[in-house]
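Residue-level structure breakdown
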Amino acid sequence: MYRRKSISTDRKHIAKPIAGLLTAASLAFALSGCGGASYDATAPSSARERASADGKEVEAGSVDCSKAKCVALTFDAGPSENTPRLLDILKKENAHATFFMLGKNHVLKHPDLVRRIAAEGHELANHTWTHKILTKSDDDEVREEITRTQDAVAKITGSKQPLLMRPPQGRTDDRVTKICRELGIAQVLWSVTAKDYQTTDSALITKRVLDQVDRDGIILLHDIYKGTVPAVPGILEGLKKRGYTVVTVSELMAPGKPEAGKVYKP
């Protein structure tokens, strides 16, 4: 694990986007938005390698990302009216993604889509209840933001609560991480952002993803913006041409499993 400043590249419609694409080396210093807050982060590939070293094996029929050139595809802040088309595209391309869902105005509004996401083999994950910035919320608010979405997803699907949560704007710290550990959930950040909250240009969204992507990366997109879903076929085609296998976050770290209280970031 390594120590780095928390980042805030997922500005969405809440804050002004940061201009330019910075290198991974500079993100820790240039994009700190949490007043010096910090956290320990673990690369999904490191979790995978440690589990393999311990003798654990990838389940039969699953993608082995120690051999395949994998990248995780994730969508935030849905589901929405754009999600059915997205699911059709993913099904056609036999690709699976992780959906970090918002509770109050999305999970509750689209329970059938939540069930469909689960039924079609995608990974259900948590993006809080109302998109409050967790580092600016008190302990009780943090717990409520996480647990209300956890409970809603479990009730709708009739299955276990999600194992993964993405903090709004990627803002986390040691206090939020401690609460996540108590709640049995891990946090997931990203290495690729198309900044699709600032453009409806699908070609530009596709280019931004393909320009940044690397093996064992995590792609951040949003299925709530009009330009994003039309970009997905081009993104999947471009990834395939470059030899990538698209997986969920949990598949990326298999045979390792998400650990509560961990922050995962490539």
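All values derive from a computational prediction rather than experimental measurement.

**Description of the packing of aromatic side chains**
Tallied over the full model, the rule gives 1 aromatic pair. Sitting over the ring of Tyr 244, Lys 69 keeps its end group 4.3 Å from the ring centre. Across from the ring centre of Phe 100, 4.2 Å away, lies the NZ or CZ of Arg 166, which sits over that ring.

**A word on the state of the cysteines**
Scanning all chains against the criterion turns up 1 disulfide. One disulfide bridge connects Cys 65 with Cys 70, the sulfur atoms lying 2.2 Å from each other. Sign of the S-S torsion, about -90° for the bond between Cys 65 and Cys 70, identifies this disulfide as left-handed. Accessibility classification places Cys 65 together with Cys 70 in one group, the buried group.

**Structural notes on the side chain of Thr 199**
In this fold, Thr 199 is placed in the loop between strand S8 (192-193) and helix H8 (202-212). Engagement of the side chain of Thr 199 in a polar contact is seen with the backbone nitrogen of Asp 201, the distance being 3.0 Å. Residue contacts for Thr 199: discarding those within four places in its chain leaves Leu 204, Ile 205 and Arg 208.

**Some details on the nonpolar core**
With 36 residues, the main nonpolar core has Leu 73, Phe 75, Leu 90, Phe 99, Ile 219, Leu 221 and Leu 239 as its most contacted residues. Only strand S3 (70-76), helix H3 (83-92), strand S4 (98-101), helix H5 (111-119), helix H6 (139-157), H8, strand S9 (217-222) and helix H9 (232-241) provide two or more residues apiece to this core. Filtering out sequence-adjacent residues up to four positions away, Phe 75 remains in contact with Leu 86, Leu 90, Ala 97, Thr 98, Phe 99, Phe 100, Leu 221, His 222, Asp 223 and Val 232. Among the nonpolar cores identified, the runner-up in size contains 22 residues, and Ala 47, Cys 70, Ala 125 and Leu 220 belong to it.

**A look at the pattern of salt bridges**
A full pass over the atoms with the stated rule returns 13 salt bridges. Among the salt bridges present, the one from Arg 116 reaches Asp 88, with a minimum N-O distance of 2.6 Å. Highlighted residues: Arg 116 in helix H5 and Asp 88 in helix H3, separated in sequence by 28 residues. Accessibility expressed as a relative area gives 46% for Asp 88, which makes it partly exposed. A salt bridge links Asp 211 to Lys 207, with the shortest nitrogen-to-oxygen separation between them at 2.6 Å.

**Observations regarding the pairing of S4**
Where burial is concerned, the two faces of S4 agree: the one with Thr 98 and Phe 100 and the one with Phe 99 and Met 101 are both buried. Sheet analysis places S3 next to S4, joined by 3 bridges and oriented parallel. When the sheet's bridge partners are listed, Phe 75 is paired in S4 with Phe 99. Pairing geometry for S4 and strand S5 (residues 123-126), over 4 bridges, is parallel.

The rules behind each value
Residues numbered from 1 in each chain as written. Predicted model: local features only at pLDDT ≥ 70, side-chain atom pairs only at ≥ 80, totals over all residues. Heavy atoms only, no water. Phe/Tyr/Trp six-rings, centres within 6.5 Å; stacked < 30°, edge-to-face > 60°. Lys NZ or Arg CZ within 6 Å of the ring centre and 35° of its normal. Disulfide = S-S within 2.5 Å. Buried < 20%, exposed > 50% of the residue type's maximum accessible area, 1.4 Å probe, protein only. Helix = DSSP H or I, 4+ residues; strand = E, 2+ residues; numbered from the N terminus. Polar contact = N/O pair within 3.5 Å; in protein donor to acceptor, adjacent residues only side chain to side chain. Contact = heavy atoms within 4.5 Å. Core = buried A, V, L, I, M, F, W, Y, C linked by side-chain atoms within 4.5 Å. Salt bridge = Lys/Arg side-chain N within 4 Å of Asp/Glu carboxyl O. Pairing = 2+ DSSP bridges.

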